[in-house]
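Fold and geometry: a report
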Amino acid sequence: MLTTLQPAHIPQLPCIHSSVRYSRHSKLIASVAWKHDEIPLTKRIHTCASWPSSCSEMKLSRISVDYDNMFKFIRLPNCIPFRSELSGTDSTSAVPPLSDMHLDSKLRGICFYAATSLSAIFLFVAMVVAHPFVLLFDRYRRKAHHLVAMVWAKLTVSPFYKIEINGLENLPPNYAPAVFVSNHQSFLDIYTLLTLGRSFKFISKTAIFLFPIIGWAMYLMGTIPLRRMDTRSQMDCLKRCMDLISKGASVFFFPEGTRSKDGKLGVFKKGAFSIAAKSGVPVVPITLIGTGEIMPAGMEGMVNYGTVKVVIHQPIEGSDPEVLCREARNVIENQLALH
């Protein structure tokens, strides 16, 4: 079914927000949301686009909507104002071809993994040399290893995306144990969190430790292994977390248990909050924004352009795991809703 909307049917509003997308057939696709009603309409526009200085310059002469045969498309940056005028041609030269965009992201992905691998080799040697001294003087926190990991993460991510950190004053002192929790959107979450330079122990599935260099480095750092479907492994993980906290170390959980495929916050598991309640240490919620757009879950071979925002919230204390879980999730969910 093909429906045609004439200009007379389009309400005259002061401003239109839009996000522009591409189909595989190089047709410009726009998802238009009217400012008053915020009603999204997906349109296939048979014309070219030019970029105005304000939303008020936008003109729509003719919009064709194909509701039955929508093309698959990839997402470009949101809220791009544009002006569209019927030109009698299917030219879309104002926007780069989809193949070029994919190629650029894939090339950046190759460079990203090359950078992280090369830097990991040299820094892993430093970890191995320092490891006997770390075990002798700092067996539980392993601050020297985390310092090396911070350098590795910053060397890896700095050429590819910018990190903005808000709320550093909410971090507990490095010597004070805490349970850190965060939303989980991307493989880049680990890199981003390591740049904070805190000596917390991640919980990781056991398969990661088999990765050459990086997996071995995680083992030296004291990362806690977990088999997701193994009840005994889960109990051992919780006991080890309790032991580390009692020795002054901090632990880090992704309470969703896995990466979000659509960017929405999932249900929180209560293990992290039970540990905090029993140990009497605070829960520090952290919101990660943007990692899922730079490297979406399931597309680890691509690195898009973008900026990651890290928001560190005020610590939450309490003795009820249910309350801690609910409050931490609400804080992160509310922050995500602002972006």
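Our subject is the structure that appears above.
Let us look at the structure shown here. Keep in mind the model is a prediction, meaning the values are calculated, not measured.

A few words now on the overall build of the protein chain. Of the regular secondary structure elements, the protein chain holds eight helices and 15 strands. By sequence separation, contacts in the protein chain at least 24 residues apart represent 72% of the contacts at least 6 residues apart. Per element, the accessible surface of the protein chain, about 17800 Å² overall, is 59% carbon and sulfur.

Below, the discussion takes up helix α6 (residues 271-279). Three or more residues of α6 are buried, namely A272, F273, I275, A276 and A277. Of the surrounding elements, those touching the buried residues of α6 are β10 (179-182), α5 (231-246), β13 (250-253), β14 (283-289) and α8 (321-337). Positive backbone phi, approximately 75°, marks G280, located one or two places after α6.

Here the focus is the pattern of salt bridges. Two side chains bearing opposite charge may form a pair once their charged atoms approach each other closely. Across all of its chains, the model carries four salt bridges by this definition. Here K247 makes a salt bridge to D243, at a shortest N to O gap of 2.9 Å. Two residues, E322 and K270, come together in a salt bridge whose shortest N-O distance is 4.0 Å. You can see E322 sitting in helix α8 and its partner K270 sitting in the loop between β13 and α6, a full 52 residues away along the chain. On the basis of relative accessibility, which here comes to 36%, the residue K270 falls in the partly exposed class.

Our next topic: the side chain of T291. Here T291 is to be found in helix α7 (residues 291-294). Apart from residues no more than four positions distant in its own chain, T291 is found in contact with Q185, S186, L188, D189, T192 and V308.

Formed by 36 residues in total, the largest nonpolar core has its most connected members in F112, Y161, F180, L193, F252 and I286. If we skip the residues at most four places from it in the chain, F180 touches L171, P172, F200, S250, V251, F252, F253, V284 and I286. The next biggest cluster of nonpolar side chains, apart from the first, holds 29 residues, and it includes I245, V251, A272 and I316.

Cut-offs and rules
Counting restarts for each chain, with residues numbered from 1 along the sequence as it is written. Owing to the predicted nature of the model, reporting of local features is limited to residues with pLDDT of at least 70; listing and counting of side-chain atom pairs is limited to 80 or more, with chain, interface and lining totals taken over all residues. Side-chain measures here rest on the full set of heavy atoms in the structure, leaving out hydrogens and waters. A run of DSSP states H or I qualifies as a helix once it reaches four residues; a run of E qualifies as a strand once it reaches two. Both are numbered from the N-terminal end. Residue contacts follow a heavy-atom distance rule, with two residues in contact if any of their heavy atoms lie within 4.5 Å. For the accessible areas, the method is Shrake-Rupley and the probe is 1.4 Å, while residue cover comes only from the protein chains on display. Throughout this description, buried means an accessible area under 20% of the type-specific maximum (1.4 Å probe, protein chains only), exposed means over 50%, and partly exposed covers the range between. Salt bridge, as applied in this entry: a Lys or Arg side-chain nitrogen positioned within 4 Å of an Asp or Glu carboxyl oxygen. The definition of a nonpolar core used throughout is a set of buried Ala, Val, Leu, Ile, Met, Phe, Trp, Tyr and Cys residues joined through side-chain atoms within 4.5 Å.

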